[in-house]
Amino acid sequence: LRIVEQLDLKLEPQMEDLEKYLEDYVSNKPFALLLDYDGTLAAIQPHPNMTYMTEYTKEALLNISSYPNVYLAVISGRGVDDVKTKVGIDGIVYAGNHGLEILYPNGTRYIHEVPSDVKANFTKMVDALENLKRDGSWVENKKFSVTFHFRAVPEKDHEKINNEAKEIIEKFGYRANPAHCAIEAKPPVVWHKGKAAEYILNHSFGKDWREKIQVVFAGDDTTDEDVFELLQGIGVTFRVTKDPNIVTKATYKVPSTEAVTKVLQWVDKKFGNK
Ligand SMILES: O=P(O)(O)OC[C@H]1O[C@H](O[C@H]2O[C@H](CO)[C@@H](O)[C@H](O)[C@H]2O)[C@H](O)[C@@H](O)[C@@H]1O
């Protein structure tokens, strides 16, 4: 693992830094850019409804989406329609619910199968989490997965409410995944953002995509580690974090969503022949 320590120090990476990391990697092969949304394309906010992409991020993404040799996909923990609305760009692939649902530009949807006994427990789990709510915590029901948010709860009580939510999630046979001031309940199936990324690339480029294309992915959370793992030794990946101690399978650490925007601007410049 190569950690871009100077980026952690500078916090505002220069274009030349990123060019150095990417220039050697990118050739004339088709290029796939996979991106997480919360904490990567849009900075973390007190409530998911408050997130937005800056005008620079949006402009770079819009430009990139029009380049024929660049393939663009956003892979998020949000519901797929929610993240599509937030990003607001047509003609690209969206995956939601940590990859459980995938929406292609032509409207085709892939929904990953979940055993009926697991599905049967979903509403009961949501009801139990709704009963746990207190001090500003709330439940985001995304139909296939749930996020129990406790950002508004006093920090001293985070651990307690997190553990109570975890216990409920596991009692109903779901997997509890730590998130930013939240805990995510995901069905106990062998499917995650990494599997979804692999599925999307298989579907769009064929099973030999590893030989045919070049891939870059950026993400900020533990759920993004599955994509970093998939792309180890194959692509270039960025973990957005300010934590110098965080252990990641990503190729590089970058400190902010602004750094991700710099990557997007580099891709825009490179593939738009600017
Ligand atoms: O995979 P992502 O696109 O990164 O989505 C992960 C979760 O993001 C959202 O929650 C997080 O971001 C919120 C907005 O900044 C923040 O208020 C919250 O505390 C974070 O946990 C979203 O609400 C979840 O559904 C996603 O799974």
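Computed from a predicted model, the values in this text were never measured in an experiment. (Residues numbered from 1 in each chain as written. Predicted model: local features only at pLDDT ≥ 70, side-chain atom pairs only at ≥ 80, totals over all residues.)

**So, the overall build of the chain**
Just so we agree on the cut-off: The secondary structure listing takes helices from DSSP runs of H or I that are at least 4 residues long and strands from runs of E that are at least 2 residues long, numbered from the N terminus. Our radius of gyration looks at C-alpha atoms and nothing else; its globule reference is 2.2 Å times the residue count to the power 0.38. Note on burial: count the other C-beta atoms lying within 10 Å of the residue's C-beta; 20 or more is buried, 12 or fewer is exposed, in between is partly exposed, and C-beta positions come from the backbone. Any pair of residues counts as being in contact when their C-beta atoms, constructed from backbone geometry, are within 7 Å of one another.
Along the backbone of the chain there are ten helices and twelve strands. Computed over the C-alpha atoms, the radius of gyration of the chain is 19 Å, within 12% of the 19 Å expected from 2.2 N^0.38 for a compact globule of 274 residues. Once the C-alpha set of the chain is aligned to its principal axes, its extents read approximately 55 × 40 × 30 Å. For the chain, the residues scored as buried account for 42% of the 274 residues in total. Considering only contacts in the chain between residues 6 or more positions apart, those separated by 24 or more positions represent 58%.

**Description of the site of the ligand**
So the rule is basically this: Only the C-beta atom matters for this test: placed from the backbone, it must lie within 6 Å of a molecule or strand for the residue to be near it. Domain start and stop positions are those given by an automatic or database domain assignment.
By nearness alone, 24 residues border the ligand, and Tyr-37, Asp-38, Pro-48, Ser-76 and Gly-77 come closest of all. Those elements that place two or more of their residues in the shell around the ligand are β7 (146-149) and β9 (182-186). Looking at which domains feed residues into the shell around the ligand, each of domain 1 (5-112 + 191-271) and domain 2 (116-186) supplies at least three.

**Describing the packing of helix α3 (residues 55-65) against helix α10 (residues 257-271)**
Quick note on the threshold: A fitted line through C-alpha atoms represents every axis, and for helices the fit uses only the stretch in contact; the resulting angles, taken between N-to-C directions, go from 0 to 180 degrees. Note: crossing handedness is left-handed where the near helix turns anticlockwise from the far helix by less than a right angle, and right-handed where it turns clockwise. Lys, Arg, Asp and Glu make up the charged group, whereas Ala, Val, Leu, Ile, Met, Phe, Trp, Tyr, Cys and Pro make up the nonpolar group; the residues left over, Gly among them, are polar.
Running from amino to carboxyl end, α3 crosses α10 at an angle of 35°, the nearest separation of the two axes being 9 Å. Judged by the sense of rotation from one axis to the other, the crossing of α3 with α10 is left-handed. Residues Tyr-56, Thr-57, Ala-60, Leu-61, Asn-63 and Ile-64 of α3 form the contact with α10, whose participating residues are Thr-261, Leu-264, Gln-265, Val-267, Asp-268 and Phe-271. Across the contact of α3 with α10, the residue classes tally to seven nonpolar, four polar and one charged.

**Concerning the sheet that holds β7**
Under the convention used in this document: When DSSP finds at least two bridges between two strands, those strands are taken to pair.
Spatial strand order, β6-β7-β9-β8: four strands in an open sheet with antiparallel pairing. The sheet is open, and its two edges are formed by β6 (138-141) and β8 (175-179), each paired on a single side. Strand-to-strand twist in this sheet, taken as the mean axis angle between neighbours without regard to direction, amounts to 20°. With five bridges joining them, β8 and β9 adopt antiparallel strand pairing. Across the sheet, residue Asn-177 finds its bridge partner in β9, namely Glu-184.

**Some words on the environment of Trp-191**
Summarising the element assignment, Trp-191 is placed in the loop between β9 and α7 (193-205). Since 19 C-beta atoms lie within 10 Å of it, Trp-191 is described here as partly exposed. Trp-191 sits 35 residues away from Asp-226 along the chain, and the two C-alpha atoms are 9.8 Å apart. With residues up to four places along the chain from it excluded, the contact list for Trp-191 reads Gly-99, Leu-100 and His-112.

**Considering the nonpolar core**
Put simply, the rule is: Under the definition applied here, buried Ala, Val, Leu, Ile, Met, Phe, Trp, Tyr and Cys residues are grouped into a nonpolar core through C-beta atoms within 7 Å.
Judged by nonpolar contacts, the single largest core of 52 residues is most densely connected at Leu-33, Leu-34, Ala-73, Val-74, Ala-95, Val-260 and Val-263. Among the elements that line this core, the one with the most residues is α10, at six residues. Not counting residues up to four positions away in its chain, the partners in contact with Leu-33 are Ile-64, Val-70, Leu-72, Val-216 and Val-267.

**Details of the domain arrangement of the chain**
Along its sequence, the chain is organised into domain 1 (5-112 + 191-271) and domain 2 (116-186). Spacing between the C-alpha centres of domain 1 and domain 2 amounts to 26 Å. Counting from both sides, the interface comprises 14 residues of domain 1 and, opposite them, twelve residues of domain 2. Classifying every residue of the side of domain 1 that touches domain 2 gives four nonpolar, seven polar and three charged.

**Things to note about unusual backbone geometry**
Look at Asp-135: it is not a glycine, yet its phi comes out positive at around 50°. With respect to the element layout, Asp-135 can be found in the loop between α5 (116-132) and β6. We note that Cys-181 has phi near 50°; this positive angle belongs to a residue other than glycine. By the secondary structure assignment, Cys-181 is in the loop between β8 and β9. Of the residues examined, Cys-181 has 16 C-beta atoms within 10 Å and is grouped as partly exposed.

**Notes on α10**
For clarity, the cut-off: Helices are assigned an expected span. That span is 1.5 Å times one less than the residue count.
A rise of 1.5 Å per residue sets the reference length of α10, with its 15 residues, at 21 Å; its end C-alpha atoms lie 21 Å apart and thus fit the reference within 8%. Regarding α10, the residues found buried are Thr-257, Ala-259, Val-260, Lys-262, Val-263, Leu-264, Trp-266 and Val-267. Of the residues flanking the end of α10, it is Asn-273, one or two places downstream, whose phi is positive at about 50°.

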